[in-house]
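Take a look at the letters that make up each chain.
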Number of protein chains: 2
Amino acid sequence: MNIDGATRLYAIIGDPVVQVRSPSVYTAHFARNGINAVMVAAQASPAAFDTAMRGLIALGNLDGVLITSPHKVAAMTFADRLSTRAQIVGAINALRREADGSWTGDMFDGVGFVSAAQKVTSIDAKRVLLFGCGGAGAAIAAELAAQGACSITLVDPDAHRANALRDALTRHFPACDVNVGNRGAAYDVVVNASIVGMKDDDGLPGDPGAIGAQSLIGDVVLRPPATPTALVRLAREHGAQVVTGQDMHAGQVDAIAGFFDRQKGGQ
Amino acid sequence: MNIDGATRLYAIIGDPVVQVRSPSVYTAHFARNGINAVMVAAQASPAAFDTAMRGLIALGNLDGVLITSPHKVAAMTFADRLSTRAQIVGAINALRREADGSWTGDMFDGVGFVSAAQKVTSIDAKRVLLFGCGGAGAAIAAELAAQGACSITLVDPDAHRANALRDALTRHFPACDVNVGNRGAAYDVVVNASIVGMKDDDGLPGDPGAIGAQSLIGDVVLRPPATPTALVRLAREHGAQVVTGQDMHAGQVDAIAGFFDRQKGGQ
């Protein structure tokens, strides 16, 4: 990899950014594919975000932006069009400049989980229990519905948030039975998209119901491999398939790289 | 060199930028010195320049900006303080973020010539003839005066521009005898900072006077080594010391790297 005057730019904007892996991951992707481009981290506070974004997209050689916390909602105003899943989630984590100079926004936070899950099982016709209806939960729910889940049960301490997500999902995916509140039904897929599990002594995010070898358990919480969340520990004890936060991040990379590469092809 | 979330950013902003060498030169400099930083090219049209600059300096992990054509004058508004030479030239090509968040502007276009010249001779007490009083000429004149040139004769088809530069130089360097118009006096140093020589069939930028082995001849025009300018050819025929446009660019790198590195040290 060598940076020169013709190098195309991508940025990941967030606050903080020192921990982000995208600069090394996508810069390596570009190099492997013979694309003269780099991704750099761009640190912008909430107060500086609007000015920073205006400046970045004013650069003629900047082709895309990834958006991380806390800017995923604010970034939507920079998109001239939004994918369906971005509309459902109400947030984006990727912006791509099109050939005509306009910007397309998309949300890949759910794609990472679903593509990781699909490596071990099909989502089609599955019954899902989802803890947490914030940005990550909404993104995962939208992607599961898009991939054919037959029902999704939403659990969140904020009833308004859970109901709003149910309504958005039902509007876009009428074939999927979306409901709020865990009534102890049987589930094929259980996903934790809440923050429960981040602390060492956290328990389960709620009652996951019966877990067996056919179950698929996902947890967005990023933990050191040696100290998984209580939900992941329970899943492994019952021989279930597990998708961790690390798996979800890995699952996003190909999807986002493809999103950026389609722009290259002029599609 | 590996880009990650902690990588500090530098940008060179211009229009166009595909030809700039600074991204590879300074990124290599950072890598050699164990500094986790890269310089990227940032293409901004004159209409986009203000927005782009505001965005770049809003990034908390961006430490410096180089400015190239056509933005060197417009960039001054982003400096909270200016070096003396930048004030004389009325343009900057480098901005550095200080520890307190303010921005210092400086102009290194003249430093490149003078540091290259000083590798072959001292500037102190030298009589200088300078063709061209635009940005490059003003930068070189200011640096020559700062290094002790005893006289500088300015030649430019635009008398107003030549007079304005004479006045600025005299104000800042009263010990240097600055005058306008070539009266055929004897000169130790002859510098072409005009565009004469860019075209293949260009002649001399004016009468350089007597040239001998003790003369130092400089020419900012970037030409392929095989087809130097008429002034450089004449200088070589007379066995004079020569500083080419390539030499000047090389001479800038150390000075600018030092400018950026001083920030690192918190000075």
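Since we're looking at a predicted model, the values are computed, not measured. (Residues numbered from 1 in each chain as written. Chains lettered and ligands numbered in written order. Predicted model: local features only at pLDDT ≥ 70, side-chain atom pairs only at ≥ 80, totals over all residues.)

### Focus on the confidence of the model for chain A
Averaged over chain A, the pLDDT score is 94; the fraction of residues at 70 or greater is 98%. Confidence estimates for the predicted assembly give a pTM of 0.86 and an ipTM of 0.85. (pLDDT = per-residue confidence, 0-100.)

### Topic: the environment of Gln252 of chain B
Residue and element names in this part refer to chain B. By the secondary structure assignment, Gln252 is in helix α8 (residues 245–264). On the basis of neighbour counts, which here come to 22 C-beta atoms within 10 Å, the residue Gln252 falls in the buried class. Spatially, the C-alpha atom of Gln252 lies 25 Å from that of Ala162, the residues being 90 residues apart in sequence. With near-sequence residues (within four places) excluded, Gln252 lies in contact with Phe108, Val111 and Gly112. (Helix = DSSP H or I, 4+ residues; strand = E, 2+ residues; numbered from the N terminus. Buried ≥ 20, exposed ≤ 12 C-beta atoms within 10 Å, placed from the backbone. Contact = placed C-beta atoms within 7 Å.)

### Some remarks on the pairing of strand β6 (residues 103–106) of chain B
All names here are of chain B. Where strand β4 (residues 81–82) and β6 come together, 2 bridges link them in parallel fashion. Residue pairing in the sheet places Leu82 in a bridge with Gly105 of β6. Pairing of strand β5 (residues 94–97) with β6 involves 4 bridges; the strand directions are antiparallel. Of the residues in β6, the one forming a bridge with Arg96 is Thr104. Adjacent in sequence and paired antiparallel, β5 and β6 are bridged by 5 residues, among which Gly101 carries a positive phi angle near 90°. (Pairing = 2+ DSSP bridges.)

### Overview of the environment of Gly135 of chain A
Residues and elements named next belong to chain A. Considering the arrangement of structural elements, one finds Gly135 in helix α5 (residues 135–146). Judged by the 20 C-beta atoms lying within 10 Å of it, Gly135 falls in the buried class. Excluding anything up to four places from it in sequence, Gly135 contacts Lys72, Val89, Ala91 and Asp109.

### Here's the deal with the relation of the copies chain A and chain B
The operation relating chain A to chain B is a screw motion whose rotation component is 179°, with 0.0 Å of axial translation and a residual RMSD of 0.1 Å. The transformation just described matches what one would write down for a two-fold rotation axis. Residues of chain A ranked by C-alpha distance from the rotation axis are headed by Gly55 of chain A, positioned 1.8 Å from it. (Least-squares fit on C-alpha atoms with pLDDT ≥ 70 in both.)

### Structural notes on helix α4 (residues 109–118) of chain B
Along α4 of chain B, 9 of the 10 residues are buried, which leaves the element largely enclosed by surrounding structure. Of all the residues in α4 of chain B, the buried ones are Asp109, Gly110, Val111, Gly112, Phe113, Val114, Ser115, Ala116 and Ala117 of chain B.

### Some details on the sheet that holds strand β3 (residues 62–67) of chain B
Residues and elements named next belong to chain B. The strand order across the open sheet built from 6 strands is β2-β1-β3-β5-β6-β4, with neighbouring strands paired in mixed fashion. Of all strands in the sheet, those bounded by a partner on one side alone are β2 (37–43) and β4. Strands β1 (8–14), β2 and β3 of the sheet are contacted by helix α1 (residues 22–32), whose axis makes an angle of about 165° with β2. (Axes fitted to C-alpha atoms, helices over the stretch in contact; angles between N-to-C directions.)

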